[in-house]
Structures are given as structure tokens and as C-alpha cells.
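So you can see what is in the structure, the chains are spelled out below.
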Amino acid sequence: MPTSAPTAAHIPLAARLDDLRTESAFVVLARAKELERQGRQILHVEIGEPDFPTAPHIVEAAVRALHDGETRYGPAGGLLDLRVAIANHLTSFGIAAEPDNIVVTPGSKPILFYAALALLEHGDEALIPDPAYPIYDSAVRFAGAHPITYRLDSSNDFSPDVDAIAASITARTRVLVLNTPQNPTGGVIDAARLAALAELAIANDLVVIVDEIYRPFNYDGAPVPSITTLPGMRERCILVDGFSKAYAMTGWRLGFGLFPAPLAPRFALLALNDHACVPAFVQRAGIAALTGTQEPLRAMIAEFAARRALVAERLAAIPGVRMRAPAGAFYAFPDVSAITNASGITAAQLADTLLQNFGVALLPGTAFGAAGEGHLRLSFSASRIDLDRALTIVARCFGTLPH
Ligand code: PLP
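Quick caveat: nothing in here was measured; it's all calculated off a predicted structure. (Residues numbered from 1 in each chain as written. Predicted model: local features only at pLDDT ≥ 70, side-chain atom pairs only at ≥ 80, totals over all residues. Heavy atoms only, no water.)

**Description of empty space enclosed by the protein**
The following threshold applies: The method works on a 1 Å grid over the protein atoms by themselves. A cavity is a set of points holding a 1.4 Å probe that cannot get out, a pocket is an open set with protein on both sides within 12 Å along at least five of seven lines, and residues with an atom within 4 Å of a point line them. Grid points are joined across faces, edges and corners, and a volume is the space filled by probe spheres set on the points. In this description a helix means any DSSP run of H or I spanning at least four residues, a strand means any run of E spanning at least two, and both kinds are numbered starting from the N terminus. Following the grouping adopted for this structure description, the nonpolar residues are Ala, Val, Leu, Ile, Met, Phe, Trp, Tyr, Cys and Pro, the charged ones are Asp, Glu, Lys and Arg, and the polar ones are all others, Gly among them.
Per the stated rule, a full pass over the model turns up two cavities of 30 Å³ or more. Put simply, the largest cavity is a space of about 70 Å³. Every residue along the wall of the largest cavity is listed here: Leu112, Ala116, Leu120, Tyr136, Ala139, Val140, Val175, Val177 and Ile209. Elements with a minimum of two residues in the lining of the largest cavity: helix 4 (109-119), helix 5 (135-142) and strand 5 (173-179). Broken down by element, the lining of the largest cavity gets its largest block of residues, three residues, from helix 5. Tallied by class, residues from the lining of the largest cavity come to nine nonpolar, no polar and no charged. Of the volumes computed, that of the second largest cavity is approximately 40 Å³. In this structure, the second largest cavity is lined by Ala55, His57, Ile58, Tyr247, Ala289, Thr293, Gln294, Pro296 and Leu297. A per-class count over the lining of the second largest cavity returns six nonpolar, three polar and no charged.

Below, the structure written as C-alpha cells:
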């Protein structure tokens, strides 16, 4: 007798599960892979991960650690050697960082969740950007709090509007989330704007969660300024950072948070309860990444700078598309509203058409929030040859649509 798989339809789930959002990049990637399984050729510019391999000296450090027997539980907050390396790394960017104030996690994502769970009571409010990395919204909602969005738009170079943020602060506002350089817009928040945001945070006693995971990806020469370096800010900032992007280590799962002085042990306790520790061999790889040669990082940034120029130039040349080269990160976020408006379609429908009918996998701006309507996100995670192909197809697709 064939038996059917058991289903759990009768098991009631806690309502908080409904508050979790997905990351569309993974959903679109899965759909694109399914089309590939059916024999279709797909050009991938959807997922935000470098297409570079992890550098050999990083891989070797992990292998060596495994052979040396580093296969046991370790401290919840991370190996001291790694925390020292991270502290030195951050200090080289002018960020005052001490090993004791750092917690190492499997990717930087857990820091976002821990921060939301630790800082927000039911009904509190957290200010988050729109469009933005979708996990900010997810983490805030999961904590039982309300995400209050502030808009980023191209008229402002995707910089937060400080007056608009000030106007949305209420007695329940606890947290301001900043991301610079930004996913998905590529915007970088300049020093003057950060100073105004710092003033606002201090005046309203807000904790700032600042996600700087794209720090090395800036194309305008000057280093990305960090709000954590401003007077009075280190003690009210949680800095979110990690190895995924800079060192092409997305699948290794290695990130960290830098906390105000007394908080790190409280967050390490969250880590202890959640995953116990990050595997030591992964942490050894992280030490090699930070203390070894930075040549692979420099080479990757140089390649991404070339891709950025190519993508920005090609998109700007397509009728109906408004595009300025992004200042940072590795995403293009073109304004295609002339096309979506004239065609009476949404950015999601346009992205879907590009995938289903033209074989180009990219994301609608609305995957990052309502303010992303009329935009698409393309990642530079493909070779220049593939980006060139993808953009030729995008131009052909848009040529079939009114604008
Ligand atoms: N923050 C931003 C803005 C991101 O775009 C991402 C990944 O795409 C992350 C954090 C999380 O990266 P990870 O958990 O791999 O460190």
C-alpha cells in the first residue's frame, strides 16, 4: 500500500512566524535554477554575492585548522584571535574597536535579529530605510515591533532625509537602522548627513544599528564614512559587518557585531543560546582573511569598478531608463518607471517578464520595499561578458515596451 507523506496541517504555528519576510533574491534564484533544469539558459544578475572564489590562503587556513583538530565547541562570542584581528581591522578605518566588544556570528544576519530582539519591546518602533535589505523589516516585526520606513530616493542620491526621519520619531521610537553603502541602491551616506543623523540619534536617545557590510565597495575614492566615529556615537551604535561580501565568503557564514561597552556579553549569550559558536575553522579562515594579503580584495574591487562603469553606461543608454552610477556596494538600481508606467505594469511584472521570456534573472525594486516600485536591481555578480549579454537582452525587452 503506498503511504502518503505525513502533513502537519493540524499543528498551529505561533503568529510571529507570519511576521517573517523572505529574501526575494533567493526566491528568484530558485526559480531561475528551475528554468535551467528545464534546459533554459539564464543570465544571473539577481543574487548579491561576489562570483569570485574565496582566496586560497583563506581556504588553506580553514583546512589547516581542521587538520589541527579545531573541531570542538568554542567561546560563544568568538575566538579571541579573531576578535583581535577584527578590532585591528576596524581601528584601521578609524572605528574605535576593542576585542571585548565584538561578537562573532554565522554571517552578519544574526546580529540584525539579536539587535531587534534585544532592543525592541512589543509595540516599539524602529526606523528602517525603504528600499532596503529586507531582513531589517523581518527582524523588527519578528521582535513584535513596528518598522517605520524612511524613504531613499535618487533625487537625494539615496541619502536619508534627516528632516523626514525627525518628523516620524515618536515616544516609541527606539532604533534607527542605517545601511551604508546601501543594498539595493548603491547609495553611500556622506559625512555631513551622518553628522546630522548622529545629532538626531543623540537628541532622541536612539540606538543606531549601522550595517556597513559593503564598506570596501566604494568607487569614489574617499573611504566610506562611519557614524560610529562621531562624538558620542560609539556608545549608541551597533555596527553590523561581516566577511561574506569583502572576502567572497557568503557560504562560510561569518560575520560580527561591534557593541557599546557593556553589551557584548549580553549578545554573546544570545549567540550561546542560538548556535553556541561559529565553527573554529571558519573563524581561522576569517583571521587569514583579515591578516593575510588584501590583493584578492583589491582585484575584486577593481573588477567591480569596471562592471559598475559598464552597467551604468549601458543602462543609461536605454530609452526610458534613468541611471546614475552607484557610489558603492555592487548593485545597479535603475529607475525604469517610465517603462512600467507607460506599460501599466509593476516592477515585479517587468522582472518576471525578463526572467520568463528573456532569460535574465534580476530583482524588482519592490523586493526591497514599496519605495522600490519603478526600479530594478541588478547585481554585478556576473562577468563583464555576461553583464554585457544581459544588458543587450534588457535593452531588447524594453524596446518591445512603450515608454
Ligand atoms: N546586510 C546587507 C545590507 C546585505 O545585503 C546582506 C546580504 O546580502 C547582509 C547584511 C547579510 O550578509 P551575511 O549574513 O552573509 O553576512
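Resuming the write-up.
**Considerations on a nonpolar patch on the surface**
We apply this condition: The patches described consist of residues with a relative accessible area above 30% and no salt bridge, like charges being joined within 9 Å and nonpolar side chains (Val, Leu, Ile, Met, Phe, Trp, Tyr) within 5 Å. Surface accessibility in these figures is a Shrake-Rupley result with a 1.4 Å probe; residues are shielded only by whichever protein chains are displayed. Each reported salt bridge corresponds to a side-chain nitrogen of Lys or Arg within 4 Å of a carboxyl oxygen of Asp or Glu.
A contiguous nonpolar patch, built from Ile11, Leu13, Leu17 and Leu20 and spanning about 370 Å² of accessible area, is present on the exposed surface. Along the chain, the position of leucine 13 falls in the segment before helix 1 (24-37).

**Comments concerning the domain arrangement of the protein chain**
Filter applied, for reference: Note that the domain bounds were set by an automatic or database domain assignment. Any pair of residues with heavy atoms lying within 4.5 Å of one another is described as a contacting pair. Note on terms: buried area is the combined drop in 1.4 Å-probe accessible area of two parts once they are placed together, counting the loss on both. Distance and chemistry together define a polar contact, namely a pair of N or O atoms within 3.5 Å, with one atom able to donate a hydrogen and the other to accept it when in protein, and with adjacent residues in sequence counting only for side-chain atoms on both sides.
Split into domains, the protein chain comes out as domain 1 (15-44 + 296-399) and domain 2 (57-291). Taken together, the contact between domain 1 and domain 2 spans 32 residues of the former and 34 residues of the latter. Summed over both sides, the interface of domain 1 with domain 2 buries roughly 2800 Å², with 61% coming from carbon and sulfur. Between domain 1 and domain 2 we count three salt bridges in total. A salt bridge links aspartate 157 to arginine 324; its shortest N-O distance comes to 3.2 Å. For the pair domain 1 and domain 2, the number of links is 12 residue pairs in polar contact (both at pLDDT 80 or more). Element by element, the count of residues in the side of domain 1 that touches domain 2 is highest for helix 10 (residues 295-316), at seven residues. Residues belonging to the side of domain 1 that touches domain 2 are distributed by class as follows: 19 nonpolar, five polar and eight charged.

**What to know about the pairing of strand 8 (residues 255-258)**
Selection criterion: Exposure classes here rest on a 1.4 Å probe applied to the protein chains alone. A residue is buried below 20% of its type maximum, exposed above 50%, and partly exposed in between. At least two DSSP bridges between two strands are needed for those strands to be called paired.
Residues Gly255 and Gly257 of strand 8 are buried on one face, and the alternating residues Phe256 and Leu258, pointing to the opposite face, are buried as well. In terms of strand pairing, strand 2 (residues 102-105) meets strand 8 through four bridges, oriented antiparallel. Along strand 8, the bridge assignment pairs threonine 105 with glycine 255. Note that strand 7 (residues 237-242) and strand 8 share four bridges and pair antiparallel. Residue pairing across strands places valine 240 opposite glycine 257, the latter belonging to strand 8.

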